Amino acid sequence: MTEPDAVGQPPAGDTALAIDVRDLRMRYGSNDVLNGVTFNAKPGEVIALLGPNGAGKTTTIEILEGFRMRSDGHVRVLDTDPAHGREAWRARFGIVLQSWRDHGRWKVRELLNHLGSLYAPYGGEGIERPWNTDELIEVVGLTEHIDKRVNSLSGGQRRRLDVAIGIVGRPELLFLDEPTVGFDPHARREFHDLVHRLSDMDSTTILLTTHDLDEAEKLADRILILAGGRIIADGSAEELSRRMSTEAEVRWTVNGKRLIHSTLEPTTYVRELFAQHGADLEDLEVRRATLEETYMNMVQQFEAGKVESAVRAFEEVTR
Ligand SMILES: Nc1ncnc2c1ncn2[C@@H]1O[C@H](COP(=O)(O)OP(=O)(O)OP(=O)(O)O)[C@@H](O)[C@H]1O
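Just so you know, these numbers come straight off a predicted model, no measurement behind them.

**Student:** Describe the overall build of the protein chain, listing the residues and the values that go with them.
**Tutor:** Helix and strand counts for the protein chain stand at eleven helices and twelve strands. Along the first, second and third principal axes, the C-alpha atoms of the protein chain reach 80 × 55 × 45 Å. Taken over 319 residues, the protein chain has a buried fraction of 33%. Taking as baseline every contact in the protein chain between residues at least 6 positions apart, the subset at least 24 positions apart corresponds to 66%.

**Student:** Let's hear about the domain arrangement of the protein chain: which residues, and what values?
**Tutor:** Domain assignment breaks the protein chain into domain 1 (16–239) and domain 2 (243–318). Counting from both sides, the interface comprises nine residues of domain 1 and, opposite them, 15 residues of domain 2. Those elements giving two or more residues to the side of domain 1 that touches domain 2 turn out to be β9 (230–235) and α8 (237–243).

**Student:** Help me get a handle on the sheet that holds strand β11 (residues 257–263), residues and values and all.
**Tutor:** Backbone hydrogen bonds are what pair the strands of a sheet, in a parallel or an antiparallel way. Sheet architecture is open: three strands sit in the order β11-β10-β12, paired in antiparallel fashion. The open sheet has two edge strands with one neighbour each: β11 and β12 (281–288). Ignoring strand direction, the axes of neighbouring strands in this sheet form an average angle of 15°. The sheet contact formed by strand β10 (residues 248–254) and β11 spans seven bridges and is antiparallel. Counterpart to Thr253 in the pairing with β11 is Arg258.

**Student:** Quick rundown of the site of the ligand? Include the residues and the values.
**Tutor:** Around the ligand, the surrounding shell consists of Tyr28, Val33, Gly51, Asn53, Gly54, Ala55, Gly56, Lys57, Thr58 and Thr59. With three residues, helix α1 (residues 57–65) is the single largest residue contributor to the shell around the ligand. The class makeup of the residues in the shell around the ligand is three nonpolar, six polar and one charged.

**Student:** Give me the packing of helix α10 (residues 291–303) against helix α11 (residues 307–318): which residues, what numbers.
**Tutor:** Look at α10 against α11: their axes get within 8 Å of each other, and the N-to-C directions meet at 165°. Of the possible angle classes, the one that applies to α10 and α11 is roughly antiparallel. For α10 against α11, the interelement crossing comes out left-handed. Side by side, α10 and α11 meet where Thr294, Met298, Gln301 and Phe302 of the first sit next to Val307, Ser309, Ala310, Ala313, Phe314 and Val317 of the second. Residues belonging to the contact of α10 with α11 are distributed by class as follows: seven nonpolar, three polar and no charged.

**Student:** Kindly report on α10, identifying the contributing residues and their values.
**Tutor:** The end-to-end C-alpha distance of α10, which contains 13 residues, comes to 18 Å, matching closely the 18 Å that a straight helix rising 1.5 Å per residue would cover. The elements touched by buried residues of α10 are α7 (213–219), β8 (222–227), α8 and α11.

**Student:** Which residues make up the confidence of the model for the protein chain, and what values go with them?
**Tutor:** Across the protein chain, the average pLDDT comes to 85, with 93% of residues at 70 or higher. Across residues 1–13 the pLDDT falls below 50, and counting only partners more than four positions away or on other chains, this stretch makes five contacts in the model. Both confidence scores are given for the complex: pTM 0.80, ipTM 0.96.

**Student:** Got a sec to walk through the sheet that holds strand β2 (residues 31–41)? Specific residues and values, please.
**Tutor:** Pairing is antiparallel in the open sheet, where three strands are placed in the order β2-β1-β4. In this open sheet, the two strands that pair with only one neighbour each are β2 and β4 (72–77). Recorded for the sheet is a direction-independent mean angle of 25° between the axes of neighbouring strands.

**Student:** Can you explain the nonpolar core? Please cite residues and give values.
**Tutor:** Judged by nonpolar contacts, the single largest core of 70 residues is most densely connected at Ala48, Ala164, Leu207, Leu224 and Ile225. Two domains each donate at least three residues to this core, and these are domain 1 (16–239) and domain 2 (243–318). Contacts of Ala164, omitting those with residues within four sequence positions, involve Leu112, Leu136, Ile137, Val140 and Leu142.

**Student:** Explain unusual backbone geometry residue by residue, including any values.
**Tutor:** Despite not being glycine, Asp79 has its phi angle at roughly 65°, a positive value. Looking at the element boundaries, Asp79 is found in the loop between β4 and α2 (87–90). What makes Asp79 partly exposed here is the crowd of 13 C-beta atoms within 10 Å. Its identity is not glycine, yet Arg170 carries a phi of approximately 50°, on the positive side. Among the secondary structure elements, Arg170 is positioned in the loop between α5 (155–167) and β6 (173–177).

**Student:** Help me get a handle on the pairing of strand β7 (residues 205–210), residues and values and all.
**Tutor:** In terms of burial, β7 is largely enclosed, as six of its six residues are buried. On β7, burial covers both faces: Thr205, Leu207 and Thr209 on one face and Ile206, Leu208 and Thr210 on the other are all buried. Relative to β7, strand β3 (residues 46–50) is paired through five bridges, and the arrangement is parallel. The partner of Val46 across the bridge, within β7, is Ile206.

About the thresholds
Residues numbered from 1 in each chain as written. Predicted model: local features only at pLDDT ≥ 70, side-chain atom pairs only at ≥ 80, totals over all residues. Helix = DSSP H or I, 4+ residues; strand = E, 2+ residues; numbered from the N terminus. Buried ≥ 20, exposed ≤ 12 C-beta atoms within 10 Å, placed from the backbone. Contact = placed C-beta atoms within 7 Å. Domains from an automatic or database assignment. Pairing = 2+ DSSP bridges. Axes fitted to C-alpha atoms, helices over the stretch in contact; angles between N-to-C directions. Near = placed C-beta within 6 Å. Nonpolar A, V, L, I, M, F, W, Y, C, P; charged D, E, K, R; others polar. Parallel < 35°, antiparallel > 145°, perpendicular 65-115°, else oblique. Left-handed = near helix turned anticlockwise from the far one by under 90°. Expected span 1.5 Å × (residues − 1). pLDDT = per-residue confidence, 0-100. Core = buried A, V, L, I, M, F, W, Y, C linked by C-beta atoms within 7 Å.

Structural data, given as structure tokens:
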């Protein structure tokens, strides 16, 4: 057990975490979807929860938001068990769901004024709630559209409005569920800039779900890969890539003949090739699978129903 400090306060432990999840389990009927999920998020971190279709990302996020009751495990979000979270706790986080379809006849400014007013009772303790509407509209890049009706916005503009709705209460924590589905590359890039701005500006903790490793790499400080009911990888994109110990493929040509060999020790192998063939060695290439290729391979096997072997193979190379 940890000792209290000199003034009798317990040392900062789990309470310093924005999200603390340990051994989370979720069962739908006889289907165990989450089988011991463990991870945490520190305040200000941007975390991407990545996983194949049906891995349980939405289930996890809904449990954290208090929309779904877990079967078992320890969960704390902003120091509160979501199963018992009250209004004042809900006011401290924002949610951007897959799409906001209501309120089509409202104008952008009116809608944000209205939704913002719902947060007014929860301000204080150094946090001004809600966000000033015009300032918020500028932050999400909708100033030109401030008096437009919601149903006249384009898909990308609508998504910006979704984000504005998610952050109008100046959340300490923001949940984004597949925020860029259906975006073209330009809208996607703009959305990524917006997320970076949010996390820099207010050091908002952000948990987003995505299918896309590239997006996770661009946005997140840490990537969590959920598959087979567990977190099978947790680290920055660089850390995960570094941990990968897949075999490298060495290709070369000698006396006009093209040859290939797979090895875990490419440097030693190449040294031996030089020793053996010297100047006859041509077109030498060494290639290791990228994190993306390894991940995609896992997803393909997972989606073909080979869940356990997909997860085991992925863990073996990223351990
Ligand atoms: N209310 C429910 N009742 C029974 N099964 C459910 C329920 N909700 C989700 N599931 C099942 O739980 C599993 C995980 O679903 P979930 O939506 O959490 O996955 P996901 O990772 O978010 O998937 P996607 O990427 O497709 O959105 C799926 O097999 C799904 O069919």
